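Per-entry structural report
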Amino acid sequence: MTDSIQDRFNNPLFDHDENRASNSALTVNIVEENEDKSEDATPIPDTLPILPLRGVVVYPQTAIPLTVGQPRSIKIVDDVIAGDRLVGLFTSKTPELEKPDPEDIYPIGTLAAIHKLFRAPDGTIRLLVQGLARITIDEYIAEEPYLKAAVHAIPETVEESLEVEALVRNVVDEFSHLAELIPNNIPSEIVASALNVDDPLQLAYSVATYVRMDLEDAQRVLELDTITEKLHHLMTLLHKEVEVLELSRKIQSEAQSEMEKTQREYFLREQLKAIQRELKEGDEQTVEIEEFRKRIAEAKMPEEAEKEALRELDRLSRLPTAAAEYGVIRTYLDWLTSLPWSIRTEDNLDISNARAVLDEDHYGLRDIKDRILEFLAVRKLRAERAEIFEQQEVTDFVRRERLGAILCFVGPPGVGKTSLGASIARAIGRKFIRMSLGGVRDEAEIRGFRRTYIGALPGRIIQTIRRVGSRNPVIMLDEIDKLGRDFRGDPASALLEVLDPEQNAEFRDHYLDVAFDLSEVLFITTANELDPIPAPLRDRMEIIQLSGYTEHEKLAIASQYLVPRQIRENGLLPDEIAFENESLLTIIRDYTREAGVRMLEREIGRAARKVVIRIAEGEKEKVVLDEPLTRQLLGKPRFGYHTELQDRTDLPGVATGLAWTPVGGDVLFVEATRMPGSKGFQYTGQLGEVMQESARLALSYIRSKASDLDVDESFFEKNDIHLHVPAGAVPKDGPSAGITMAVALASLLTGRPSRSNVAMTGEITLRGKVLPVGGIKDKVLAAHRLGIDTVILPSKNERDLDDIPDEVRDTLTFIFADNVDEVLEAALTPLESAGQ
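Residues numbered from 1 in each chain as written. Predicted model: local features only at pLDDT ≥ 70, side-chain atom pairs only at ≥ 80, totals over all residues. Heavy atoms only, no water.

Along the chain, the regular secondary structure elements total 31 helices and 24 strands. Per-residue burial over the chain gives 48% buried out of 836 residues. Accessible surface, the chain: about 42300 Å² in total, of which carbon and sulfur atoms supply 49%. (Helix = DSSP H or I, 4+ residues; strand = E, 2+ residues; numbered from the N terminus. Buried < 20%, exposed > 50% of the residue type's maximum accessible area, 1.4 Å probe, protein only. Areas by Shrake-Rupley, 256 points an atom, 1.4 Å probe, with all protein chains shown as cover.)

Moving on: the side chain of His510. Among the structural elements, His510 can be located in the loop between β10 (507-508) and β11 (515-516). For His510, a relative accessible area of 19% gives the class buried. Within the structure, the side chain of His510 is placed 3.4 Å from the backbone oxygen of Gly448, a separation counted as a polar contact. In contact with His510, other than residues within four places in its own chain, are Glu443, Arg447, Gly448, Phe449 and Arg450. (Polar contact = N/O pair within 3.5 Å; in protein donor to acceptor, adjacent residues only side chain to side chain. Contact = heavy atoms within 4.5 Å.)

Right, let's get into helix α2 (residues 71-81). The set of residues buried in α2 consists of Arg72, Ser73, Ile74, Ile76, Val77 and Val80. Elements that come into contact with the buried residues of α2 comprise β1 (47-53), β2 (63-68), β3 (86-91), β4 (108-119) and β5 (125-142).

This part covers the sheet that holds strand β13 (residues 542-545). Read from one edge of the open sheet, 5 strands run β8-β9-β12-β7-β13, paired in parallel fashion. Two strands bound the open sheet, and with one partner strand each, they are β8 (432-436) and β13. Neighbouring strand axes in the sheet, compared pairwise and without regard to direction, differ in orientation by 20° on average. As paired strands, strand β7 (residues 405-410) and β13 are joined by 4 bridges and run parallel to one another. (Pairing = 2+ DSSP bridges. Axes fitted to C-alpha atoms, helices over the stretch in contact; angles between N-to-C directions.)

Think of two packed helices as two axes; the pair is described by the angle between the axes and how far apart they sit. Where helix α21 (residues 581-590) meets helix α23 (residues 627-634), the axes come as close as 8 Å, and the angle between the chain directions of the two elements is 45°. By the angle between their axes, α21 is oblique relative to α23. Considering the relative orientation of α21 and α23, their crossing is right-handed. Of the residues in α23, those touching α21 at Glu582, Ser583, Thr586, Ile587 and Asp590 are Glu627, Thr630, Arg631 and Leu634. The residue makeup of the contact of α21 with α23, split by class, is 2 nonpolar, 3 polar and 4 charged. (Parallel < 35°, antiparallel > 145°, perpendicular 65-115°, else oblique. Left-handed = near helix turned anticlockwise from the far one by under 90°. Nonpolar A, V, L, I, M, F, W, Y, C, P; charged D, E, K, R; others polar.)

Before going further, it helps to examine the layout of surface pockets. Considering only enclosed or pocket space, the largest pocket measures out at about 950 Å³ in volume. As for the largest pocket, its lining consists of 40 residues, and the residues nearest its centre are Gln545, Leu546, Ser547, Lys777 and Asp803. Mapped by element, the contributors of at least two residues to the lining of the largest pocket are α12 (366-384), α20 (551-569), β16 (654-661), α28 (776-785) and α29 (806-809). Among the elements that make up the lining of the largest pocket, the one with the highest residue count is α28 (4 residues). (1 Å grid on protein atoms, 1.4 Å probe; cavity = no way out; pocket = protein on both sides within 12 Å on 5 of 7 lines; lining within 4 Å. Points joined across faces, edges and corners; volume = space filled by probe spheres on them.)

Where helix α3 (residues 162-181) meets helix α5 (residues 200-210), the closest approach of the two axes is 11 Å, and the angle between their N-to-C directions is 25°. As the angle between them shows, α3 and α5 are arranged roughly parallel. Pair α3 / α5 crosses with left-handed handedness. Residues Val164, Val168, Val171, Val172 and Phe175 of α3 form the contact with α5, whose own contacting residues are Pro200, Leu203, Val207 and Tyr210. Here the contact of α3 with α5 is built from residues that sort into 9 nonpolar, no polar and no charged.

Scored by pLDDT, the chain has a mean of 82; 89% of the residues are at 70 or more. Long-range and interchain partners of residues 1-40, a stretch whose pLDDT sits below 50, account for 61 contacts in this model, where long-range means more than four residues apart. pLDDT under 50 marks residues 394-400. Its contacts with residues more than four places away, or in other chains, come to 6 contacts. (pLDDT = per-residue confidence, 0-100.)

Before going further, it helps to spend a moment on the pairing of β7. Side-chain positions along a regular strand alternate between the two faces of the sheet. For β7, the buried fraction is high: 6 of the 6 residues fall into the buried class. Burial along β7 is two-sided: Ala405, Leu407 and Phe409 and Ile406, Cys408 and Val410, pointing in opposite directions, are all buried. Two elements, β7 and strand β12 (residues 522-527), share 6 bridges in a ladder whose sense is parallel. Bridge pairing in β12 links Ile406 to Phe523.

Take the side chain of Thr110 next. If you trace the backbone, Thr110 turns up in strand β4. When residues no more than four places from it in sequence are discounted, the contact partners of Thr110 are Val58, Tyr59, Pro60, Val87, Gly88, Leu89, Gly131, Leu132, Ala133, Ile135 and Leu222.

Another point: the nonpolar core. Core analysis: the largest hydrophobic core is formed by 52 residues, its most contacted members being Ile480, Leu495 and Leu499. Look past the residues within four positions of Leu495 in its chain and what remains in contact with it is Leu437, Ile446, Leu477, Ile480, Leu483 and Leu537. Ile368, Ala405, Val415 and Phe579 belong to the second largest nonpolar core, which has 51 residues in total. (Core = buried A, V, L, I, M, F, W, Y, C linked by side-chain atoms within 4.5 Å.)

On to the packing of aromatic side chains. Tallying each qualifying case throughout the model produces 6 aromatic pairs. Ring geometry for Trp341 against Phe516: centres 5.0 Å apart, planes inclined by 55°, an arrangement best described as tilted. One end of the pair, Trp341, is in the loop between α10 (324-338) and α11 (351-361); the other, Phe516, is in strand β11, and 175 residues separate them in sequence. Each member of the pair Trp341 and Phe516 is classed as buried. In this arrangement the basic side chain of Arg451 is found over the ring face of Tyr332, its NZ or CZ atom lying 3.8 Å from the centre. When the ring centre of Phe716 is taken as reference, the NZ or CZ atom of Arg703 above it lies at 4.8 Å. (Phe/Tyr/Trp six-rings, centres within 6.5 Å; stacked < 30°, edge-to-face > 60°. Lys NZ or Arg CZ within 6 Å of the ring centre and 35° of its normal.)

On to a negative patch on the surface. On the surface, Asp367, Asp370, Glu374, Asp802 and Asp803 cluster together to form a negatively charged patch. By the secondary structure assignment, Asp367 is in helix α12. Judged by relative accessible area, Asp367 falls into the exposed class, the value being 54%. (Patch = residues over 30% accessible without salt bridge, like charges linked within 9 Å, V, L, I, M, F, W, Y side chains within 5 Å. Salt bridge = Lys/Arg side-chain N within 4 Å of Asp/Glu carboxyl O. Lys, Arg positive; Asp, Glu negative; His and termini not counted. Charge placed at Lys NZ, Arg CZ, Asp CG, Glu CD.)

Across residues other than glycine, the phi torsion is negative in most instances, and most of the peptide bonds are trans. Here the residue pair Glu144 and Pro145 is connected by a cis peptide bond, since its omega of 0° sits within 30 degrees of zero. Along the chain, Pro145 turns up in the loop between β5 and β6 (148-153). Located in the positive-phi region is Asp710, a residue other than glycine, with phi close to 60°. By the element assignment, Asp710 lies in the loop between α25 (689-704) and α26 (715-718).

This part takes up the environment of Ile577. Tracing the sequence through the fold places Ile577 in strand β14 (residues 577-579). Along the sequence, Ile577 and Val623 sit 46 residues apart, while their C-alpha atoms lie 4.7 Å from each other. When neighbours within four sequence positions are excluded, Ile577 is seen to be in contact with Ile567, Leu572, Ala608, Val611, Lys622, Val623 and Leu625.

Among all positions of α23, only Leu629, Thr630, Leu633 and Leu634 are buried. For α23, the angular spread of buried residues about the axis comes to 120°, placing them on one side. α23 presents Pro628 and Gln632 as exposed residues on the side facing more than 90 degrees away from its buried surface. Looking at the buried positions of α23, the neighbouring elements they touch are α21, α22 (598-616) and β15 (623-625). Residue Asp626 occupies the N-cap position of α23, its side-chain oxygen lying 3.0 Å from the main-chain nitrogen of Leu629. (Arc of directions from axis to C-beta.)

Moving on: the pattern of salt bridges. Going through the model one piece at a time under the given rule, you end up with 39 salt bridges. Here Lys482 and Asp481 are joined by a salt bridge, their closest N and O atoms 3.1 Å apart. For Lys482, a relative accessible area of 36% puts it in the partly exposed group. Through salt bridges with shared partners, a single network forms among Glu308, Arg311, Glu312, Arg315, Glu325 and Arg451.

With that settled, consider the environment of Phe292. Structurally, the position occupied by Phe292 is in helix α8 (residues 284-299). When its relative accessible area of 3% is taken as the criterion, Phe292 is described as buried. The spatial distance from the C-alpha of Phe292 to the C-alpha of Asp334 is 7.9 Å, given a sequence separation of 42 residues. Once you skip the residues sitting within four places of it in the chain, Phe292 turns out to touch Leu313, Leu316, Arg330, Leu333, Asp334 and Thr337.

Here it is in structure tokens:
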């Protein structure tokens, strides 16, 4: 046996000069067929030096090279070589430990003989050891200078059964398959040597040496007592390793296939380019570059934009199509060449045609219609006198024309602000597009994102210009008062340049980074109120106020526009339904309460749908809606202003005021009451600070006039006064309710009710003066809607009556007051009627 070992050790596979790794999976079958395989061939000493192994398990009936480098281990080798060359090889539980203690070593290991050693120049010793038998440690008898322990043999049980034979065959098959999957790691001659054995135990140990497994699994192969258990465990490990290797090979194959596909496509593309060059045809990139060059020439850009476009096009031509920046530049050029740099629509300067179109689409609104006609008249006159202006010597500043306009329509909802934009565009022959600004919070929404950001796009202004396809459209910026602002910027500030006639000829979007001329665009903005609009932005727009409609105007709008539209939208024919004027007036007075006509149109549609049901049920006669039928179809009236005014002002302490809201004018009731006590004066109704001051001013003035009003001087010491302004859930503020509060307090203290047909508005001073207020038109229209026939106004507001329609002004009586005494005289009932 020793000769056999020596012959195999001298094989070039074990050449020491090659400095091979110590724990490589290199084993040699050292048991020949004609030799005794029993463990009695080598006597086992009672005590053995213990050589701890790190990361490797040595099995019986196998040979393996080891490298020894620790001083304690070298001492063991030196002593063993001088003796019987037998040593106990036990694996450390923790491979990272350089000097494991007894408790760190597995208790079962292998008795081995050292057959040859080689001392390397680096001080390490290389050994070839042969595993002889399985042993276990009884106890450690020494730890210095190295570990020594009492041991005894624990032979394995080798059964002879069909199960063992079947397991052996399965192990051989799986191991052969494993060797095929990793041919470079397991040489074929070693595989053949390991498999050509008859002993199942030797087969198990030989195969276990080659299979990649965890240290715990390798140690378990050694510790299992029967060959059946060992083969079962080994079969599981082999099957797992084969599956892992097959999956790895599949992944490598897929990756290789993908690489080959990419390389193949690359070579084909190169060949295609070569063929196209031979045929004098351009490739896809060249064709695209030429297409962009043609689009740049046709766009007729300004010099700056064209220079930037050609520069980016030159960069694009030098980039491969697979480059990340290629797509960015291509998108930029697409945007740049898609804008209408030189495309405009010709204005229709026919004044009579524009007036007819505006009157056809909207009723009333004289101020707005006159402003549009003025715009067209100026354009027409300037075009006719262009030659005269050219001959005049003027500066460049004067010569520069502002062909656009910036208008701002301010008014309550439902008065037709948004629809006016489309009508204006139709009247002057321009394209129209609407852009809603409600809820916009990011400045980049207006000016665009810089190209450094992934997915960057131009702002909504440039996107709108591209979408409409004209450089002089009518652009409606809807709900400009609903703009927001946060940490991302202030879009209202970004609009300063857009809506400035002196700046928007050089508007620079962050994405384009070249100037685009917006001076020819007719910008129309809409808002419900001016206060939320920043002052610099408000200053750049021409403000046109739209007040609520009068009853007469609503009737005309309903009969001319709303009724025909609702008949058509509900599938009816004109000969199937008709609305009388009394029916429409009933809807206006008792079923709507608004400055505009949206709710009116909804109620007309609701009545029309009731008629649709009748027709669907088989009725053939034309339905004519009069007042009784309208009430029957629409049900109980929603509002009862006349009754409410009479009921609420019957008692002393109540006065009717007029208020302005973003949705139009409205009526405001002020109530006052008194109770015994000494807590003073309190007010409720969610009043703002200005309105609270007005309440205190009114009380102070009434107290100062107590003797003139026949009020006992001690009244205020013995009584508390409470002032309330319904509705309590609605916040209120402003000074215009001052005289109304004074009238309510005077009515309470004198016992004289206020007149139910009188409403008022005006600011009060501490000396009793009545100061002018705003929103007169809306407030007067609200009084007219509610059936009030007398309105008390500050004297300085008399000039505001010019804005009120004649049909409203003629039905109302206006009383102009300079001081509160005049207001009290007009608003309160006489003492005689109060006493009755």
